[in-house]
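# Residue-level structure breakdown
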Amino acid sequence: MANRNFAMSDAAEAACTEEEQPLRPGRPVADLRDDMLQEDAQFRAAWDVLEVRRRIVTTLVKLRRDAKLTQKELARRAKWNPTFVSRLESFPPHGQKVSIPSIQTILTYAAACNSELGLVFGRPEGEHVHINETVALGKSDPFAKVVNALDDTDLSIDADILKVERGPV
Amino acid sequence: MSVRLPGDESLADRLAKRIEQMSPEVRASFFSAIAVIDDCPTIPEERTVILNHRFDVFVVNPGDNVPYVVLARDTATGELVIAEIADEKPTPKAAASHAGRAWGVVVHSIGVTP
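Bear in mind that the values here come from a model prediction, so they are computed numbers and not experimental data.

What follows is about helix H3 (residues 92-103) of chain B. Residues and elements named next belong to chain B. Counted at 1.5 Å a residue, the expected span for H3 with its 12 residues is 16 Å, and the 16 Å between its end C-alpha atoms agrees. If you check which residues of H3 are buried, you get Ala95, Ala96, Ala99, Gly100, Ala102 and Trp103. Projected onto a plane normal to the axis of H3, the buried residues spread over an arc of 165° and lie on a single side. Gly104 occupies a position one or two residues after H3 and carries a positive phi of about 70°.

This is the structure we're talking about:
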């Protein structure tokens with residue numbers, strides 16, 4: 001990426017040659033947030049309301065990062081205005097209602113990242129999860145087969161290992 | 001790597017107070033944007049400037065009606081700090097100045113990303 005640099009004065013150039021140690025960063029912002037969540041019930045409520053949007057946005061941004069796309073590049077692929085992508089990945093103060101991206105929007109976003117979207121419906125049963133229904137929403141047959149293979153399957157995690165106890169594959 | 005407050009204690013205190021003064025909804029939006037950056041080391045905006053050929057400086061808008069956040073990353077360590085919170089979008093030069101203070105370095109050069 002090309003940069004346009006402002007010219008440095010001789011004094012600044014000389015100073016730059018000296019090793020300048022930056023300050024050590026302070027505490028994580030997440031710690032400050034956790035303190036506030038403990039102390040402020042209204043903030044806790046506002047934070048909790050954004051939980052679903054936060055999970056969706058985090059997943060979308062991870063997809064975009066993995067596809068090595070900027071917001072502008074993703075917008076071009078999805079035929080969206082870049083402003084839309086920026087808003088999609090942001091958190092407008094919700095007031096009474098939180099906006100959640102539609103499935104069509106998530107599908108288009110995923111496709112722009114060369115990814116497919118599927119929905120998995122499961123019923124937790126103790127330590128197991130029974131997958132009742134799945135649906136693949138993209139155009140890839142292999143992806144649809146893999147997602148559909150989870151139908152009517154019992155899954156569990158044991159020592160960080162996914163166990164498939166029953167499945168139609 | 002998680003987003004941190006700056007090492008300059010007076011600046012860190014001022015920023016913490018600024019965050020505390022936000023309404024609960026605005027604060028939730030602000031912290032949500034930071035949480036996404038914590039989870040995905042990708043800034044949701046393009047880099048604004050490069051300070052001293054070392055610090056990447058970003059201006060992030062967490063949402064409508066939420067203050068802008070200036071973030072500055074030390075490319076030598078990957079550490080990322082909040083350098084400023086501002087109601088108006090800072091100019092590239094102002095963002096670099098905020099980043100310099102947050103990291104405790106003199107501004108020698110500002111590279112602008114076109």
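This brings us to unusual backbone geometry. For Asn114(A), which is not glycine, the phi torsion reads 60° and is therefore positive. Classification of Asn114(A) as exposed rests on a relative accessible area of 65%. The phi angle at Asn52(B) is positive, at roughly 50°, despite the residue not being glycine. Structurally, the position occupied by Asn52(B) is in the loop between strand E2 (47-51) and strand E3 (55-60).

On to the pattern of salt bridges, then. Residues and elements named next belong to chain A. Enumeration over the complete set of coordinates arrives at 15 salt bridges over all chains. A salt bridge links Arg55 to Glu51, with the shortest nitrogen-to-oxygen separation between them at 2.9 Å. Pair noted here: Arg55 and Glu51 are both in helix H4 (residues 51-66), with a separation of four residues, about one helical turn. Relative accessible area serves as the criterion here: at 27%, Glu51 is assigned to the partly exposed category. A network of salt bridges, in which partner residues are shared, links Glu51, Arg54 and Arg55.

What follows covers the pairing of strand E4 (residues 153-158) of chain A. Residue and element names in this part refer to chain A. With four bridges connecting them, strand E3 (residues 128-136) and E4 associate as antiparallel partners. Across the sheet, residue His130 finds its bridge partner in E4, namely Asp154. Pairing between E4 and strand E5 (residues 161-166): five bridges, direction antiparallel. In the strand pairing of E5, Asp154 is matched with Arg166. Between the end of E4 and the start of E5, which pair antiparallel, lie two residues, with Ala159 showing a positive phi angle near 50°.

The rules behind these values
- Residues numbered from 1 in each chain as written.
- Chains lettered and ligands numbered in written order.
- Predicted model: local features only at pLDDT ≥ 70, side-chain atom pairs only at ≥ 80, totals over all residues.
- Heavy atoms only, no water.
- Helix = DSSP H or I, 4+ residues; strand = E, 2+ residues; numbered from the N terminus.
- Expected span 1.5 Å × (residues − 1).
- Buried < 20%, exposed > 50% of the residue type's maximum accessible area, 1.4 Å probe, protein only.
- Arc of directions from axis to C-beta.
- Salt bridge = Lys/Arg side-chain N within 4 Å of Asp/Glu carboxyl O.
- Pairing = 2+ DSSP bridges.

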